[in-house]
Amino acid sequence: MLEAARIRVTGIVQGVGFRPFVYRLAKNCSLKGYVQNLGGSEVEIWVEGEKKSIISFIEKLKNEKPRAAELDKIEIEWVKPWGFADFEIKRSGTVKTKLSMIPPDFGMCDDCLREVLDPTSRWYRYPFHSCAWCGPRFTVIEHTPYDRENTSMKFFPLCEDCRKEYSDPGFIRRFHIQGISCPQCGPQLYLTDRNGAPIRCRDPISEAAKLIDEGYIVAVKGLGGFHLAALATDDDVVKELRRRKKRSRKPFAIMALDLNVARKIVYVTEEAEDLLTSSARPIVVLPRKSYEVSKEVAPGLDTLGVILAYTPLHYLLLNETRDKFLIMTSGNISGYPISKDLDDALKKLGDIADFFLTHNRRIVNRADDSVVRFTDGTPMFLRRSRGYAPRWIEVWRKLERPAIAVGAMLNDAGAIGVEQYIIPTQYIGDVENIETLDYLREAIDFLIKNYGIDICESKIIADKHPNYLSLILARELASKCGSDVYRVQHHVAHIASVMAENDLKEAYGIAIDGIGYGDDGMIWGGEVLYIGEDGSYERLGHLEYIPMPGGDRATKYPARIVAGILYEIYGMDEALRISRKYRLSDKLPGGNVELKIALHQASNNLKTSSIGRVLDAFSALLGVCWERSYEGEPAIRLEAAGLGGNHLGLTIEWEDGVVQTKEFFLSLLERGFDGLSLRDIAYTVQYELARGLGIVAKEEGAKKVLVSGGAAVNTIIIKSLREIFGKKNVVLPQRLPASDGGISTGQIYYAMLSGEI
Ligand SMILES: [Zn+2]
Ligand SMILES: [Zn+2]
């Protein structure tokens, strides 16, 4: 008997070769009907034939889908057969019935690579080759629907060969794929000097590879912006790059030609391999091998961030260098957004790069490389950008009105909420200057326009910190329609972001990070929270307040925090004596004078419960790191110093929900460091701080805790919490970064819980 089904598929189904796949599948199952792109991100499929063929079709639809496609939802409706004579691909519809997810960029696929390396292929050595399964999407889209005329490929009309393949469903990787091109019709690559003057050469890629091998720094325009490429094996080159980029110790990422090359420099587990080769192609932080990579690449750390070549351009370039791997770091001035066009790059990177390998395809949306690390074995985002943005998070109910959230300050991302989705922007950076604020505005505007939300109908949401630059943007948006900015507490937003990922309506959370504005005007960052269904929340506990002598300067020079703690324990004279014993003045640029100033400032009112500051203090006290040259450095290096250590049996206490940090500090000083290994001390300190917070949460009734904030990526901390609650009851962010990049999503989710939207 003839049966029919109408199937609606939502997710990433447009621009990924889904329709030709459906076409072939339907033909193979002897089904008739059609497949059609609807105006949004949905595809409608009508199949008729034998019931068992239809069922097997639906099974295969899920299991054999193209590499880049993601089927979020499949709605099946059994209908009366229409009597189609054949199966066809119908013209795209224009009626938008559902929102469409803008696809992220996809790393180069194996088929494209094979064609690029095949001398008989028409894509031989073509740096912009892509297909249904790979290539840029988000970074070239001006607006939806994803058609070529709405992308920066519109300036490259298809040649006859490409047009033929574009129009023929037989070409499964090219049929109706908006981004395809070839050397005849696609973008062109060229090389310039630091003034933008073109350099004549037979092959810009070979020339650039030669220059890099000679020790030059070359800026390379990729998918989401410029990179700076340089030898990773030459100390002098790496030092010179650090000097020019004014980046003293922050690790550089390394791009490797392929997995085999990556294996020479880092240990690659199976899980890491899956991530490295996934279509998102993130940077993955992995334990380094003692190979020839310069120590200057990641000073003080025994890990390296590695990424595999993810476009033919990168592959061809690396393949011609001597090492087959290079430093490939974001092309920006420290603290500013990544450059996306040559003019900007010449202006900003002209003093850093010697040459520019660039092309004439416009980057519409910037996107840095995403970064993932393993925390006690669990992969977690340090940065969520290219390959992941602008994927959305579906929530459990439809929002009553749209929302726009600006996040916080460091490692920021914005987000919008619309219908049943929260859509975070790509990673923006530290919103501490106007250019980064502009980038945040641009990224949010893109989402506002593409999802057609009305600013006047929207709830505008920001952090409670009174001085964050992102608040300016929130006020600007709110003032357009005379509305107010809705403010959400920083750590509540951290926990709410994990609730959003897990559809939770209430939760216990441990929010641990560097800085967040607290409801009492202090700086929070070691918090045990409970968030209830109606958005009410309670601060159940926290790390003890400690002084921050000199405010921001104490963040940069954590020996000041040590001085502050000593002052509170011992008072001025004794604190001064102990400070001398531990040579604290050597760890401050102003020496003894600064030490005395810090001790005096310790009595001021600025206090913090931030775990970041405590970790910093221990890092300085133990001599691991006493000057922060990048966000989180003392804590990151303390973690590295403590991994694999043993517990010393020294335990932390708690009282009325307050974890007694100072007493713990004191007990360590009284024990003295003699005969103890640094590794064991560093391990114990981190383990115990986490245990204190964990026990407080447990005593308050938590059986399961959500953990977020920058310190939630610390392996020792998470291991400690897992030992209290059991692995499955420690819920970590998985689709969002634990750092402040997840805040905007949490802000929207919290507003939803509170019934504001
Ligand atoms: Zn491909
Ligand atoms: Zn062509």
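Quick caveat, the model's predicted, so the values are computed rather than measured. (Residues numbered from 1 in each chain as written. Chains lettered and ligands numbered in written order. Predicted model: local features only at pLDDT ≥ 70, side-chain atom pairs only at ≥ 80, totals over all residues. Heavy atoms only, no water.)

**With respect to the environment of Arg-391**
Tracing the backbone through its elements, the reader meets Arg-391 in the loop between β15 (378–383) and β16 (393–394). Arg-391 sits 390 residues away from Met-1 along the chain, and the two C-alpha atoms are 41 Å apart. Apart from the residues within four sequence positions on either side, Arg-391 is in contact with Ile-12, Glu-70, Met-101, Pro-104, Arg-384, Ile-423 and Pro-424. Reaching out from Arg-391, the side chain makes a polar contact with the side chain of Glu-70 at a distance of 2.3 Å. (Helix = DSSP H or I, 4+ residues; strand = E, 2+ residues; numbered from the N terminus. Contact = heavy atoms within 4.5 Å. Polar contact = N/O pair within 3.5 Å; in protein donor to acceptor, adjacent residues only side chain to side chain.)

**A few points about a negative patch on the surface**
A cluster of acidic residues, Glu-653, Glu-655, Asp-656 and Glu-663, forms a negative patch at the surface. The partly exposed category is assigned to Glu-653, whose relative accessible area is 40%. (Patch = residues over 30% accessible without salt bridge, like charges linked within 9 Å, V, L, I, M, F, W, Y side chains within 5 Å. Areas by Shrake-Rupley, 256 points an atom, 1.4 Å probe, with all protein chains shown as cover. Salt bridge = Lys/Arg side-chain N within 4 Å of Asp/Glu carboxyl O. Lys, Arg positive; Asp, Glu negative; His and termini not counted. Charge placed at Lys NZ, Arg CZ, Asp CG, Glu CD. Buried < 20%, exposed > 50% of the residue type's maximum accessible area, 1.4 Å probe, protein only.)

**Description of the nonpolar core**
Of all hydrophobic cores here, the largest spans 95 residues; its most connected members are Val-297, Leu-317, Phe-356 and Leu-357. Look past the residues within four positions of Phe-356 in its chain and what remains in contact with it is Tyr-190, Leu-191, Thr-192, Asp-193, Arg-194, Ala-219, Phe-226, Leu-342, Ala-345, Leu-346, Leu-349 and Gly-350. Core analysis: the second largest hydrophobic core is formed by 69 residues, Ala-598, Leu-599, Leu-668 and Leu-689 among them. (Core = buried A, V, L, I, M, F, W, Y, C linked by side-chain atoms within 4.5 Å.)

**Observations regarding the coordination of the zinc ion (ligand 1)**
As a benchmark, a tetrahedral metal site with four donors has ideal angles of 109.5 degrees, while an octahedral site with six donors has ideal angles of 90 or 180 degrees. Every protein donor of the zinc ion (ligand 1) is listed here as Cys-109 (SG), Cys-112 (SG), Cys-131 (SG) and Cys-134 (SG), and their distances to the metal cover 2.3 Å. Spacing between the donor residues of the zinc ion (ligand 1) along the chain follows C-x2-C-x18-C-x2-C. Highlighted residues: Cys-109 in the loop between β5 (87–89) and α3 (110–117) and Cys-134 in the loop between α3 and α4 (160–167), separated in sequence by 25 residues. In this structure, Cys-109 and Cys-134 share a single accessibility class: buried. (Donors = N, O, S within 2.8 Å, 3.2 Å for Na, K, Ca; no water.)

**Some points on the pattern of salt bridges**
Close approach of charged atoms lets side chains of opposite charge pair. Throughout the structure, instances matching the rule amount to 49 salt bridges. Two residues, Glu-442 and Arg-366, come together in a salt bridge whose shortest N-O distance is 3.0 Å. With Glu-442 in helix α11 (residues 434–450) and Arg-366 in the loop between β13 (355–359) and β14 (371–375), this pair connects stretches of sequence that are 76 residues apart. Of the residues examined, Glu-442 reaches a relative accessible area of 32% and is grouped as partly exposed. When the shortest N-O distance is used, the salt bridge between Arg-637 and Glu-633 registers 2.8 Å. Pair noted here: Arg-637 and Glu-633 are both in helix α19 (residues 633–642), with a separation of four residues, about one helical turn. For Arg-637, a relative accessible area of 16% corresponds to the buried category. On the basis of relative accessibility, which here comes to 0%, the residue Glu-633 falls in the buried class. Put simply, Glu-115, Arg-122, Glu-165, Arg-173 and Arg-174 are held in one network by salt bridges that share partners.

**Observations regarding the state of the cysteines**
Think of a disulfide as a covalent bridge from one cysteine sulfur atom to another cysteine sulfur atom. Considering all chains together, one arrives at one disulfide under this definition. The residue that forms a disulfide with Cys-456 is Cys-481, at a sulfur-sulfur distance of 1.6 Å. Here the S-S torsion is close to -70°, and the disulfide linking Cys-456 with Cys-481 is therefore left-handed. Remark: Cys-481 occurs in the loop between α12 (470–479) and β21 (485–488) and Cys-456 occurs in the loop between α11 and β20 (459–463); sequence separation between them is 25 residues. Residue Cys-456 is classed as partly exposed on the basis of its relative accessible area, which comes to 46%. You can call Cys-481 partly exposed: its relative accessible area is 28%. (Disulfide = S-S within 2.5 Å.)

Worth remembering: the numbers are spatial, not functional.
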